[in-house]
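Tertiary structure, described
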Amino acid sequence: MERKLSYLIVDDDRSIVKLLSEVLTLQPYTFQVFSAFSAEEALSTLEKETVDILIVDILLPGMSGIDLVREAFRKHSDLSAIMVSGYADIEKVRQALKLGVYDYIIKPINIEEFLHTIGRLVEHIHLLDEKKLYVQTLESKVKEATDNLAHLFYEILSSTIYILEARDVNTLRHSQDVTWYGELLGKELGLSDTELEKLRIGGILHDIGKVGIKDEILFKPSKLTPEEYTIVKQHPLIGKKILYPIGQFDKDILDIVYSHHEYWDGNGYPEGKRGEAIPKLARIIAIADAYSAMVAERVYKKAKTPAEALSELKRCAGTQFDPDLVPLFCSMIEKNLFSSKGDL
Ligand SMILES: [Fe+2]
């Protein structure tokens, strides 16, 4: 439904203000009519009230009608204006039109002509409203479609992790554990819901690049040769390549996948980034990843106890891991280990 509009009539001639006010109040598309007898008074009304259309006499005492319109447009971008002028002020009217004033009427005011001009402006505003609504609807539909697509994409990728599970059940369990620990640390840090969601997705997908590593290397029960280790170290880059083509894929999630093996001191891979140049979410997942890997049993290694894993994290704080995050993570795990729940 078309909205009703509010007016502000500004003229130092009180009889004109009264006349226009009465005429406008009777119109079906009018919501409210305000009046002011000077530019200063008009500006203070604009601060307090919602006005759609300004009807301004060009000649006002003090600040001129043109200056009023300029100031009003600067402060209220949705405002429309109509100038009222005598024949002698046509040059000023031209200036006003340049400022974006919709139209003007000449004194003495012919009411029929006035209402016709106002009617055209009201129609114009309603058309702009419709256009705005259309753009908003379109934007929200595009956003919804994009969100659905991104969600579908996450789902597909998360299922890809099952491909890894088919090769080795430990991978899936590991990804879930990393997500769990990463999210706990994220909450401890007071991250926003959006960042926590990114941590969850990044945690599940962090090793997605391992789909590109051969089984003989990935699941080798004995120590890797330097050449094999070089191949394993490609998994962050492969992961990034898998995710990268999807333009709207979130950069923070991409960072987790790409940078979760960077070391605080710059000795990690793939880029050797150091310190805070490593994205924060990737630094969180790096700790969660290491802890989860240490406390898990593998064919080629025994599980460390939580206490052993925590002391290893502490030993590597400032070299491998973010020295500010490690104490937080450790105290969080210790607290949970000795709590009645003991759910870690
Ligand atoms: Fe990894």
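Higher on the page you've got the structure.
Residues numbered from 1 in each chain as written. Predicted model: local features only at pLDDT ≥ 70, side-chain atom pairs only at ≥ 80, totals over all residues. Heavy atoms only, no water.

1. Concerning the environment of V178
- With respect to the helices, strands and loops of the structure, V178 is situated in helix α6 (residues 169-188).
- Classification of V178 by relative accessible area gives buried; the value is 0%.
- Through-space distance from the C-alpha of V178 to that of A42 is 62 Å; in sequence the pair is 136 residues apart.
- Contacts of V178, omitting those with residues within four sequence positions, involve G203, H206, I285, A288, D289 and S292. (Helix = DSSP H or I, 4+ residues; strand = E, 2+ residues; numbered from the N terminus. Buried < 20%, exposed > 50% of the residue type's maximum accessible area, 1.4 Å probe, protein only. Contact = heavy atoms within 4.5 Å.)

2. Quick notes on the coordination of the iron ion
- Coordination sphere of the iron ion, protein contribution only: D207 (OD), H235 (NE2), H260 (NE2) and H261 (NE2), at 2.1 to 2.2 Å.
- When the donor residues of the iron ion are listed from N- to C-terminus, their spacing reads D-x27-H-x24-H-H. Placement of the pair is H235 in helix α10 (residues 235-243) and H261 in the loop between α11 (251-259) and α12 (280-295), with a sequence separation of 26 residues. Across the pair, exposure class does not vary: H235 and H261 are buried alike. (Donors = N, O, S within 2.8 Å, 3.2 Å for Na, K, Ca; no water.)

3. Focus: the nonpolar core
- Judged by nonpolar contacts, the single largest core of 26 residues is most densely connected at L199, I287, Y291, L313 and F329.
- Counting only elements with at least two residues in this core, the list comes to α6, α7 (193-205), α12, α13 (306-315) and α14 (325-337).
- By residue number, the principal contributor to this core is α12, which donates 8 residues.
- If we skip the residues at most four places from it in the chain, I287 touches L185, L313, F321, D322, L325, V326 and F329. (Core = buried A, V, L, I, M, F, W, Y, C linked by side-chain atoms within 4.5 Å.)

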